[in-house]
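Survey of secondary and tertiary structure
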Amino acid sequence: MERIIIFLGRYIDQHFGFEENCMNAYQCPIACENKQAHRYFRQTFEDIKCQFEQEGASLSLVLKVNRNLLDWFINHIRKIDMQLKPYATPSGGSSS
């Protein structure tokens, strides 16, 4: 569980910033919604991290990670991240 928490913390710091910069650079219209989704994930992650630090690993925490974080990733990629694709291709998005 600790390794998952550490991995997710690093992933959030590196990937979310990169993704948000790409969406801004390619003028993706979903950029604001993406940032809001990332804020929600960060808060959920921080809540889970605090629970882990206070209580340690437990079955309920593992289920919470699966339900709240894994499901979020899957839905986020399908609903929001995929909308960046047309803007990041050579024929789409910004011409600058």
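Each remark here, short or long, concerns the structure printed above.
A few points on the structure. What you see is a predicted model, and the numbers here were worked out from it, not measured in a lab.

So, on to the overall build of the protein chain. When helices and strands are counted, the protein chain shows 4 helices and 0 strands. Reading the protein chain from its N terminus to its C terminus gives the helix and strand order α-α-α-α. C-alpha extents for the protein chain along the principal axes are approximately 50 × 20 × 20 Å. Every one of the 96 residues in the protein chain was classed for burial, and the buried ones make up 33%. At a minimum sequence separation of 6, the contacts of the protein chain that also span at least 24 residues come to 71%. When the accessible surface of the protein chain is split by element, carbon and sulfur atoms take 54% of a total near 6,500 Å². The average position of the 11 basic charges and that of the 11 acidic charges among the side chains of the protein chain differ by 4 Å.

Between its terminal C-alpha atoms helix H1 (residues 2-25) stretches 35 Å, which fits the 34 Å expected from 24 residues at 1.5 Å a residue. Along H1, the largest kink reaches about 30 degrees and is centred on isoleucine 12. Residues of H1 that are buried make contact with helix H2 (31-55) and helix H3 (59-79). Remark: glutamine 27 follows H1 within two positions and exhibits a positive phi of approximately 50 degrees.

Turning next to the packing of H2 against H3. Relative orientation of the contacting elements H2 and H3 amounts to 165 degrees, with a least axis distance of 11 Å. By the criterion of interaxial angle, the relationship of H2 to H3 is roughly antiparallel. Considering the relative orientation of H2 and H3, their crossing is left-handed. Facing H2, whose interface residues are Asn34, Ala37, His38, Tyr40, Phe41, Thr44, Phe45, Ile48, Gln51 and Phe52, H3 presents Ser60, Leu61, Lys64, Val65, Asn68, Leu69, Trp72, Phe73 and His76. For the contact of H2 with H3, the per-class residue count stands at 11 nonpolar, 7 polar and 1 charged.

Next up on the list: the nonpolar core. In this structure, Met23, Phe41, Phe45 and Leu69 are the most contacted members of the largest nonpolar core, which totals 21 residues. Only H1, H2 and H3 provide two or more residues apiece to this core.

What counts and how
- Residues numbered from 1 in each chain as written.
- Predicted model: local features only at pLDDT ≥ 70, side-chain atom pairs only at ≥ 80, totals over all residues.
- Heavy atoms only, no water.
- Helix = DSSP H or I, 4+ residues; strand = E, 2+ residues; numbered from the N terminus.
- Buried < 20%, exposed > 50% of the residue type's maximum accessible area, 1.4 Å probe, protein only.
- Contact = heavy atoms within 4.5 Å.
- Areas by Shrake-Rupley, 256 points an atom, 1.4 Å probe, with all protein chains shown as cover.
- Lys, Arg positive; Asp, Glu negative; His and termini not counted.
- Charge placed at Lys NZ, Arg CZ, Asp CG, Glu CD.
- Expected span 1.5 Å × (residues − 1).
- Bend = angle between axes of the 7 residues up to and from the residue.
- Axes fitted to C-alpha atoms, helices over the stretch in contact; angles between N-to-C directions.
- Parallel < 35°, antiparallel > 145°, perpendicular 65-115°, else oblique.
- Left-handed = near helix turned anticlockwise from the far one by under 90°.
- Nonpolar A, V, L, I, M, F, W, Y, C, P; charged D, E, K, R; others polar.
- Core = buried A, V, L, I, M, F, W, Y, C linked by side-chain atoms within 4.5 Å.

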